[in-house]
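This is what each chain is made of:
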Amino acid sequence: AQKVTQAQTEISVVEKEDVTLDCVYETRDTTYYLFWYKQPPSGELVFLIRRNSFDEQNEISGRYSWNFQKSTSSFNFTITASQVVDSAVYFCALSTGTASKLTFGTGTRLQVTL
Amino acid sequence: EAQVTQNPRYLITVTGKKLTVTCSQNMNHEYMSWYRQDPGLGLRQIYYSMNVEVTDKGDVPEGYKVSRKEKRNFPLILESPSPNQTSLYFCASSFVKFTEAFFGQGTRLTVV
């Protein structure tokens, strides 16, 4: 069975600080995909990134970066120079198996204040 | 505009009164699914469908039914809602398995 753990329930930072959201996953499958989604206060779920299990390259997109380490089963998400608009709940998710089920972590609520 | 549309957005109902939450996607996606979001539990999959007439249970299927008669529609049916089904529900679709999921706007259901 697969599992995603986001140990940080809530994080508060001051604008312009860097912040890292942790994600640890468990699966016995060798082929799997990892995702991050953002849920702003308005409630919708916004796709941020997808990474497959064979691609351990880190990725940077503007102020966002992702660090995928198979050795520690982690897929951490860093926001550089955080902004108030980054305030949201962030979900890490794992997709694997014939059914391609998305298994979500419990989410990390990020609060960025001025 | 590519989107997943859920209706209604908000619903308050009484225990035992059958209801349907509709979900429609205009992206010709094969894969559709339903999730419920509860505080502290993240999103949990209720049912999924890999194609027309093909549906299967997710992690929390009890008390729910689905059908997939057309590719674009995937309604969620609560035959006899109970208060423990009060939750925020999301429909999602993706082109094929393992690809990015597009989510509807959510349906906040309250069962009293």
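Just above sits the structure.
Residues numbered from 1 in each chain as written. Chains lettered and ligands numbered in written order. Predicted model: local features only at pLDDT ≥ 70, side-chain atom pairs only at ≥ 80, totals over all residues. Heavy atoms only, no water.

Chemist: How would you sum up the sheet that holds strand S7 (residues 65-66) of chain B? Please name residues and give values.
Modeler: What the four strands build is an open sheet, ordered S1-S3-S8-S7 (chain B); its pairing is antiparallel. Two strands close off the open sheet at either side, each with one partner strand: strand S1 (4-7) and S7 of chain B. (Pairing = 2+ DSSP bridges. Helix = DSSP H or I, 4+ residues; strand = E, 2+ residues; numbered from the N terminus.)

Chemist: Give me the state of the cysteines: which residues, what numbers.
Modeler: In this structure the tally under the stated criterion is two disulfides over all chains. The partner cysteine of A:Cys23 in its disulfide is A:Cys92, sulfur to sulfur 2.0 Å. Between A:Cys23 and A:Cys92, the S-S dihedral sits near -65°, and the bridge is therefore left-handed. With A:Cys23 in the loop between strand S3 (19-21) and strand S4 (24-26) and A:Cys92 in strand S10 (residues 88-96), this residue pair connects regions lying 69 residues apart in the sequence. In this pair, the class of A:Cys23 matches that of A:Cys92, namely buried. Disulfide pairing places B:Cys23 opposite B:Cys91 at an S-S distance of 1.8 Å. Handedness here is read from the sign of the S-S torsion; for B:Cys23 and B:Cys91, about -70°, the answer is left-handed. (Disulfide = S-S within 2.5 Å. Buried < 20%, exposed > 50% of the residue type's maximum accessible area, 1.4 Å probe, protein only.)

Chemist: For the layout of surface pockets, give the residues involved together with the corresponding values.
Modeler: Of the volumes computed, that of the largest pocket is approximately 620 Å³. When residues of the lining of the largest pocket are traced back to their parent elements, those giving at least two are S10 and strand S12 (108-113) of chain A together with strand S4 (31-38), strand S9 (87-94) and strand S11 (107-111) of chain B. It is S12(A) that contributes the most residues to the lining of the largest pocket, four residues altogether. By volume, the second largest pocket amounts to about 260 Å³. (1 Å grid on protein atoms, 1.4 Å probe; cavity = no way out; pocket = protein on both sides within 12 Å on 5 of 7 lines; lining within 4 Å. Points joined across faces, edges and corners; volume = space filled by probe spheres on them.)

Chemist: Could you give an account of the environment of A:Trp36, with specific residues and numbers?
Modeler: Residue and element names in this part refer to chain A. Among the secondary structure elements, Trp 36 is positioned in strand S5 (residues 32-39). Residue class for Trp 36 comes out buried when judged on its relative accessible area of 0%. For Trp 36 and Cys 92, which are 56 residues apart along the polypeptide, the C-alpha to C-alpha distance reads 4.5 Å. Of the polar contacts made by the side chain of Trp 36, one reaches the backbone oxygen of Phe 75; its length is 3.0 Å. (Polar contact = N/O pair within 3.5 Å; in protein donor to acceptor, adjacent residues only side chain to side chain.)

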